[in-house]
Every structure is written in structure tokens, then in C-alpha cells.
Amino acid sequence: MLDIKQIRENPESIEAGLLKRGNVDYGIGKLIALDKERRDLLQMADDLKKLRNDASREIGAKKKAGENTDEAQARVKETGEKIKSHDDRIKEIDSEVRQILFNIPNVPDESVPEGADENANVEIRKFGEIPKFDFVPKPHHELGEALGILDFKRAAKLSGARFVLYKGAGALLERALINFMLDMHINEHGYTEVAPPYMVSAETMTGTGQLPKFADDLFKIEGRDLWLIPTAETPVTNIYAGEILNGDDLPLKMVAYTPCFRSEAGSYGRDTTGLIRQHQFNKVELVKITKPEDSINELEKLTSNAEEVLKRLQLPYRVVTLCSGDLGFSAAKTYDIEVWVPSQNTYREISSCSTFVDYQARRMGMRFRREAKGKPEFPHTINGSGLAVGRTVVAILENMQEADGSVRVPAALSPYMGGLDKIVM
RNA sequence: GGAGAGGUGGCCGAGUGGCCGAAGGCGCUCCCCUGCUAAGGGAGUAUACCGCAAGGUAUCGAGGGUUCGAAUCCCUCCCUCUCCGCCA
């Protein structure tokens, strides 16, 4: 959520910033008009309330003194009715304002390149050699099915499309990756592990920006205010929602493994085969809560923490800066880490690292205080996958495949798989 | 699922219709005294909004109602805890 004060004082610069995302009318003009009306009404209502408070106090005193107060009471009652009508209108405006505000995306950071869509994203660095095969590399789902470690057919029998059943070394690989990633971020990068709920309330979903706008992308529990998380970002970033943090405790660095659930509405026909796009997938997520002045630097560090996983696994990748048109709703700046996928002869997103500046903190009412007597301020929130586990499996299977259909286990991962160094038939 | 208790400021905890944004305590900040640990004295210490300011308004789980006036009374909802049942 953007700051209404900033919109009020600087509508042009906010609109210019939003324009970088595309030419969409977010209702800023209407917002400003409503805000003006609201403040005028509030002033009137407050004055009337002062009148009522004073009068009521007098009535109390008179009653104690045994005087008649019928007339005074009637007058105050009238004032009360006026107050009510003002308050009702204010409430109405509030909800309109909130609705507009909740549906305005974040303003892109100045350093974000301008562009309409993913074609304008800017590659900023590359790591690793793209593997050369002297045979035609197979897609991961063929390898996985042949090795007996991935079973899409039976998963479909259980749950329908976009689910997978991991078996044997496949299930072990998934589990090993989760532990490998967690251990690295905890022990080497200084993150604190948290294990949050996988179902959260609408309020929590609103805090990070999934609701109200993106309900179609989520799974909801029928008849209850519970939604399946599409990413650990949602529960973890919201941990301190509504609280005032101690500035000395910042930055908070948390890492969480959770499954993620996405309806994938609107992605019919895309990535229909294999592990790339599933309704349920595992992810290790990094979340930071920082002081405003540290957020860009902490985003850089978080991104390199995620990259480190791919380096250790010897998987080739590149990092791109998302252009303004490709930026997520709540994000001010995003680096995508993309891993090489041989069967598609391209890089595919495996992590998305973003700073939301104060946008999420304001939505969820999370603040911090620099000094004991200081004013509360909004911290910045940052998150990124470290990494998406299913897509890491894709990358390992495809990049590490041999001519005979076996798959090498990266040396760094082997200890997590009981010393296994090759997955064979 | 059944029965009961409760939700007040950073924390504990008083408050059952007006003088209560809220006693007292703890914690924290500053000052004094003392002097290098401890103890004592004083002042301060919620948040948001409106306003140049003075100041004003709102908030005692949430929402609604009664009343001239609600932390206090009524209704609905949410959450927490205890006991019983069931259960990973």
C-alpha cells in the first residue's frame, strides 16, 4: 500500500512512477478527491464531538447538583445524530479509499529498467558453463519417469493435473535439497529457521498483497477464512504484522521451508508437462525485515545467498533485473535468478528476489522504532526463493544427465543423500 | 464435539455508566544523589488522524446497539486458556 500522504502531496511523481508499469488508471484522481472530502468531514465531526463531550460532562455535573437537564439532553442528542451521519459517510469513504489503495501496485524503484514485458528484462550476470552433450538431452520428466523417481500418471490419478509423486531417490533428492538449502542459509548466511502455518487468513494474505487482487491464484478452504499459502513469504513476512519492532533487532533474517500451493488459473497450456508448473511445490524462502536505508544492500545480499545454492550445485544460471512492466504487484525491484534448462534450451526462473520497500509493512501495520523514544517507522521487507525445490530438481536431472539416462548427484548434495553420487535405473 | 473462564498500554494488573487514555507495579529513558556492584529520590514513557500551532478527535479483542454520555450495560462474531470426549 502506498502512503496516502505522499499521494496527496506528490500525485504527479507517484503517477509518473506507476506509469512505468503501463498505462493503467489506478484512480489516483478519485482517491485525492475522496481524501479531501474525508478530511473535511472529519474536521466537522471532530468539532461536533468536542461539543458533545463538553455538553455531556456538564449534564453529568448538573445531574449531580440535582438540576433539570432535559433540554440540554435533547440538544446533545441532536448533535449526536449529526455526528452519526458524518461518521457513516467517513466510514463509507474509508472503505472506498482502502479499496483503491489496496489495488494500486508499488512504485518501481528508480534503478528498475523501463519496459513493457519480460523481453525488456536486463541480464546483469551469468555463472557457470552451459553443458554440451554429445547426445540429445532428455527433458527431466522423461528422465525421472525412466529412472522411476517421478510418477506424473499416478499423481494425476490421486489429484489431477499439475501434481507429482516422488519415489525412491526422487523423494530423497527433494528432501536432501530442502535440508541442504536450509543448512546453508542457517549456518553460513545467518538466517533463523521458522516453520510457519501453511494456511493463513485473508488478513494475512492482504498484508503481503496476494489479496484482494489475486484471489483467483489461490486455493481457499471451503467455508472457512483459511487460504493455502502460495509462498512462505506470506506467513513469514506477516509474523510481526501489527507490531512495533526494536530497531536494534533489525535486520531480521528468516528462512522457511514450506510447500506452496497455486491454482495456476490463467496459465492453461503453459508448462503442462513436468515439474515446472505444479499446483503444489516445495520452496525454501528467505525473508528479511530491514531499516529503509539498508534495503537495497540487503536485497543484493539475499540474491547472492540464493545464487550460492546454484553455485554449490554447479548449475549454470543468470541473474536478470525485471523491467517495470514485468515487476510483481507489490515489488519495487526484483532480481530473477534463472537456471539453465537444457531440454528447453533456455534459462527458467528458479528464484525471484524482491524488495517491497515499505509497501507491505504499511499494509500489515508493521513498524520499528530506532530509539526508545523515537517515532515508529515502517521497515522494508525483502524476500526471495532460496530456492524453488521442484525446479532445482529439474535443473539437476537435466544438466547432470548422462548418455545412459543416469544422473550425477552434485558433490555438495551427496552427503545429504547418504553418499549417493549417481541416480541410476 | 460438551462444559467453564477470560481478552485493558512493552509486560503484569486495577477499573461495572460521567471527574478514565485509563490506578498501581514491572520494564525502559533522562536527571539528582551516591560513587566505580547494589540501593535511594525526581521526571518522563501507547498509537493513529486533523491542524502552521495552540489544541482537538478516536482507540480498553472486532462489529453493532442502548444512553445526553460506554473500558464499564445489551447483541453478534473472533481469539486465548482450563476440564471432559476424540485424535496425529
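Residue numbering note: each chain is counted from 1, following its sequence as written. Here every chain gets a letter starting at A, and every ligand a number starting at 1, in the order they are written. In keeping with the predicted nature of the model, local features appear solely for residues at pLDDT of at least 70, side-chain atom pairs appear and are counted solely at 80 or more, and the whole-chain, interface and lining totals rest on all residues. For side-chain calculations, the full set of non-hydrogen atoms in the structure is used, while hydrogens and water are omitted.

> With reference to specific residues and values, describe the overall build of chain A.
When its secondary structure is counted, chain A shows 12 helices and 17 strands. Residue burial is assigned from relative accessible area. The probe radius is 1.4 Å, only protein chains are included, and a residue is buried under 20% of its type maximum, exposed over 50%, and partly exposed in between. For chain A, the proportion of its 425 residues judged to be buried stands at 48%. Looking at chain A as shown, the accessible area adds up to about 20,700 Å², and 48% of this sits on carbon and sulfur atoms. Just so you know, the count uses Lys and Arg for positive and Asp and Glu for negative, and it drops His and the chain ends. One atom stands in for each charge, and that atom is NZ of Lys, CZ of Arg, CG of Asp or CD of Glu. When the 58 basic and 66 acidic side-chain charges of chain A are each reduced to a single mean position, those positions are 3 Å apart. Runs of E in the DSSP output that reach at least two residues are strands. Runs of H or I that reach at least four are helices, and both are numbered from the N terminus. Per-residue accessibility takes into account occlusion by the displayed protein chains alone, with areas from the Shrake-Rupley method and a 1.4 Å probe.

> Talk me through unusual backbone geometry; I want residue IDs and the actual numbers.
Here L211 and P212 are connected by a cis peptide whose omega angle stands at 5 degrees. Within the secondary structure layout, P212 lies in the loop between α8 (202–208) and β6 (227–228). Cis rather than trans, the peptide bond between G386 and L387 has omega equal to 15 degrees. Along the polypeptide, L387 turns up in strand β15 (residues 380–388). Even without being a glycine, Q314 presents a positive backbone phi close to 60 degrees. With respect to the helices and strands, the residue Q314 is situated in the loop between α10 (295–312) and β10 (317–321).

> Explain the protein's contact with RNA strand B to me, and be specific about the residues and the numbers.
If even one non-hydrogen atom of a residue comes within 4 Å of a molecule or strand, that residue is called near it. If you check the shell around RNA strand B, you find 24 residues, and the closest are Q43, S56, V76, K91 and R369. The contact in question runs from a sugar or linking oxygen of RNA strand B to an N or O atom on the side chain of Q43, over 2.3 Å. At the level of elements, α1 (4–9), α3 (28–64), α4 (70–102) and β13 (367–369) are the ones that each hand at least two residues to the surface near RNA strand B. Among the elements that take part in the surface near RNA strand B, α3 stands out by supplying 13 residues, more than any other. Amino acid classes used here: Ala, Val, Leu, Ile, Met, Phe, Trp, Tyr, Cys and Pro are nonpolar; Asp, Glu, Lys and Arg are charged; the rest, including Gly, are polar. Here the residues of the surface near RNA strand B are counted per class, giving 4 nonpolar, 5 polar and 15 charged. Polar contact is defined as a pair of N or O atoms within 3.5 Å, subject to the rule that within protein one atom must be able to donate a hydrogen and the other to accept it, and that residues adjacent in sequence are counted only when both atoms are side-chain atoms.

> Before we move on, can you summarise the packing of helix α5 (residues 140–147) against helix α12 (residues 389–399) with the specific residues and values?
Their axes nearest at 9 Å, the elements α5 and α12 cross at an angle of 80 degrees. As summarised for this structure, α5 and α12 are arranged roughly perpendicular, according to the angle between their axes. Residues H140, L143 and G144 of α5 pack against V394, L397 and E398 of α12. Here the residues of the contact of α5 with α12 are counted per class, giving 3 nonpolar, 2 polar and 1 charged. Here an axis means a line fitted to C-alpha atoms, over the contact stretch when the element is a helix, while the angle between two N-to-C directions is reported on a 0 to 180 degree scale. Working rule for angles: under 35 degrees goes down as roughly parallel, over 145 as roughly antiparallel, 65 to 115 as roughly perpendicular, anything else as oblique. By the convention used here, residues are in contact when the closest approach between their heavy atoms is within 4.5 Å.

> So what's going on with the packing of helix α7 (residues 169–188) against α12? Which residues, and what values?
In the contact formed by α7 and α12, the axes pass within 10 Å of each other and the chain directions differ by 115 degrees. In terms of axis orientation, α7 runs roughly perpendicular to α12. The way α7 lies across α12 gives a crossing that is right-handed. Contact residues: L173, E174, L177, I178 and M181 in α7; V389, G390, T392, V393 and I396 in α12. A class-by-class count of the residues in the contact of α7 with α12 yields 7 nonpolar, 2 polar and 1 charged. By definition, turning the near helix anticlockwise from the far helix through less than a right angle yields a left-handed crossing, and turning it clockwise yields a right-handed one.

> Residues and numbers for α3, please.
Its 37 residues place the ends of α3 53 Å apart at the C-alpha level, agreeing with the 54 Å of an ideal helix rising 1.5 Å per residue. For α3, every residue scored as buried is listed here: I28, L31, L34, D35, L41, A45, L48 and I59. Taken from the residues just after α3, G66 is the one with a positive phi, measuring 80 degrees. Expected helix span is computed as 1.5 Å times (number of residues minus one).

> Describe the pairing of strand β9 (residues 280–290), with residues and values.
Across the 11 residues that make up β9, a large majority, 10, are buried. Relative to β9, strand β8 (residues 252–261) runs antiparallel, the two being bridged by 10 bridges. Residue pairing for β9: C260 is matched across the bridge by F281. A strand pair is defined by DSSP finding two or more bridges across the two strands. Bridging between β9 and β15 involves 7 bridges; their strand directions are antiparallel. Bridge pairing in β15 places K283 opposite A388.

> I'd like a description of the packing of aromatic side chains, backed by residues and values.
Note on aromatic pairs: the rings of Phe, Tyr and Trp (six-membered ring only in Trp) are paired at centre separations within 6.5 Å, and the planes decide the class, stacked below 30 degrees, edge-to-face beyond 60, tilted for the rest. Enumeration over the complete set of coordinates arrives at 6 aromatic pairs. Consider the rings of F127 and Y317, whose centres lie 5.3 Å apart with planes at 25 degrees: the pair is stacked. With F127 in strand β1 (residues 122–127) and Y317 in strand β10, this pair connects stretches of sequence that are 190 residues apart. Ring geometry for F329 versus Y359: centroids 6.2 Å apart, planes at 85 degrees, classification edge-to-face. Separated by 30 residues along the polypeptide, F329 in the loop between β10 and β11 (333–341) and Y359 in helix α11 (residues 359–364) bring together distant segments of the chain. An aromatic cluster of at least three residues, connected via ring pairs, comprises F214, F329 and Y359. Across the ring face of Y191, the terminal group of K253 is positioned such that the distance to the ring centre comes to 5.0 Å. Here, over-ring charges are defined by two tests on the NZ atom of lysine or the CZ atom of arginine: distance to the ring centre within 6 Å, and angle to the ring normal within 35 degrees.

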